[in-house]
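# Overview (structure and organization)
Here is what each chain is made of, one letter per residue.
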Amino acid sequence: MLNIQNYKKVESIEEAYELNQKKANRIVGGMMWMRMGDNRINTAIDMSGLGLDKIEEADEEFKIGCMTSLRQLENHKGFNEYTNGCAKEALRHIVGVQFRNLATVGGSIYGRYGFSDVLTLLIGLKGGIVSLKEYAAKSYDRDIIVSIIVKKKPVKMFYEAVRITETDLPVLTCAGVGFSGSGEYNICIGARPGRAVVVEDKEGILKGVVNDETIESFARYVRENVSTESNMRGSAEYRSHLAEELTKRALRAVNN
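Our subject in this report is the structure included herewith. (Residues numbered from 1 in each chain as written. Predicted model: local features only at pLDDT ≥ 70, side-chain atom pairs only at ≥ 80, totals over all residues. Heavy atoms only, no water.)

## Let's talk about the sheet that holds strand E2 (residues 26–28)
In space, the three strands of this open sheet follow the order E1-E3-E2, with parallel pairing throughout. Strand pairing shows two members of the sheet lacking a second neighbour, strand E1 (2–9) and E2, which therefore form its edges. Ignoring strand direction, the axes of neighbouring strands in this sheet form an average angle of 40°. With seven bridges connecting them, E1 and strand E3 (residues 39–46) associate as parallel partners. Bridge assignment links Asn6 to a residue of E3, and that residue is Thr43. (Pairing = 2+ DSSP bridges. Helix = DSSP H or I, 4+ residues; strand = E, 2+ residues; numbered from the N terminus. Axes fitted to C-alpha atoms, helices over the stretch in contact; angles between N-to-C directions.)

The structure is reproduced here in structure tokens:
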């Protein structure tokens with residue numbers, strides 16, 4: 001049961017940050033996952049009045065405010081065009097429309113959930129001040145996510161998640177990002193069941209001609225280097241198999 005002693009709708013980021021330095025206080029967004037746990041919060045910090053519920057598109061970047069709902073991101077025309085429709089594909093399976101109208105992008109990223117479609121979708125794109133790849137690997141702290149910045153580097157993108165049922169948590173998620181003209185690829189694997197990771201091509205398998213042979217080789221590399229575990233939705237072996245197969249699909253899609 002979630003127990004909240006005090007509620008404060010803050011008037012500035014500075015006020016939110018100061019309050020959040022106390023361990024018993026918490027930033028609250030949509031509270032879709034937080035409310036399901038047993039926790040006692042001294043002061044719930046509400047940032048909904050700070051204008052951070054927008055997606056701002058400029059010539060060089062998208063700026064996604066931390067209070068932006070998953071539904072807003074799912075339906076944003078500009079971001080869907082940029083991601084080849086992957087934003088809608090990644091988010092449309094998450095529970096239901098009512099849930100996505102309340103759950104926030106900031107809460108999803110800060111939570112670094114091991115089942116997160118949102119983190120898998122965004123982690124492979126070029127970011128702003130702190131890379132999302134670096135942030136996802138960090139331990140939880142008392143800092144605040146204000147916005148997620150996605151740089152508009154020319155990309156082709158792929159997203160697919162395997163689920164047992166339509167709105168269940170995923171068995172495995174995969175995003176593929178190909179950066180046009182650079183020969184650089186990011187393969188992102190999530191729901192391992194752990195935080196999404198970007199698989200680096202440390203052996204230079206894809207540095208050159210990308211064809212069926214190199215795709216098969218890199219897919220095996222992903223299988224061998226991405227750690228997986230078993231839970232009620234699938235075994236570690238099954239997840240490793242999915243990681244290999246979805247990597248093939250991703251690389252073929254972004255090279256079409």
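## Section: the layout of surface pockets
With a probe scaled to a water molecule rolled over the atoms, the places where space remains empty come into view. In this model, the largest pocket occupies a volume close to 800 Å³. If you trace the largest pocket, you find 40 residues lining it, with Gly107, Ser108, Tyr110, Gly111 and Tyr113 closest to the centre. When residues of the lining of the largest pocket are assigned to their parent elements, the largest contribution, five residues, is made by helix H6 (residues 105–111). What the second largest pocket holds in volume is close to 480 Å³. Lining the second largest pocket we find 21 residues, and of these Ile129, Val130, Tyr135, Ile145 and Ser147 sit closest to its centre. Among the elements of the structure, helix H8 (132–137) and strand E6 (147–151) are those that each provide at least two residues to the lining of the second largest pocket. The element that contributes the greatest number of residues to the lining of the second largest pocket is E6, accounting for four residues. Residues of the lining of the second largest pocket, tallied by class, amount to 13 nonpolar, four polar and four charged. (1 Å grid on protein atoms, 1.4 Å probe; cavity = no way out; pocket = protein on both sides within 12 Å on 5 of 7 lines; lining within 4 Å. Points joined across faces, edges and corners; volume = space filled by probe spheres on them. Nonpolar A, V, L, I, M, F, W, Y, C, P; charged D, E, K, R; others polar.)

## Notes on the pattern of salt bridges
Under the definition given, this model contains 17 salt bridges. Its salt-bridge partner being Glu184, residue Lys126 comes within 3.0 Å of it at the nearest N-O pair. One end of the pair, Lys126, is in the loop between helix H7 (117–123) and H8; the other, Glu184, is in strand E9 (residues 184–190), and 58 residues separate them in sequence. The partly exposed category is assigned to Lys126, whose relative accessible area is 30%. On the accessibility criterion, Glu184 (29% relative accessible area) is partly exposed. With its nearest N and O atoms 3.1 Å apart, the salt bridge here joins Glu244 to Arg223. In this pair, Glu244 is assigned in helix H10 (residues 236–254) and Arg223 in helix H9 (residues 212–225), connecting sequence segments 21 residues apart. Judged by relative accessible area, Arg223 falls into the partly exposed class, the value being 31%. (Salt bridge = Lys/Arg side-chain N within 4 Å of Asp/Glu carboxyl O. Buried < 20%, exposed > 50% of the residue type's maximum accessible area, 1.4 Å probe, protein only.)

Purely geometric stuff here, so don't read any function into it on its own.
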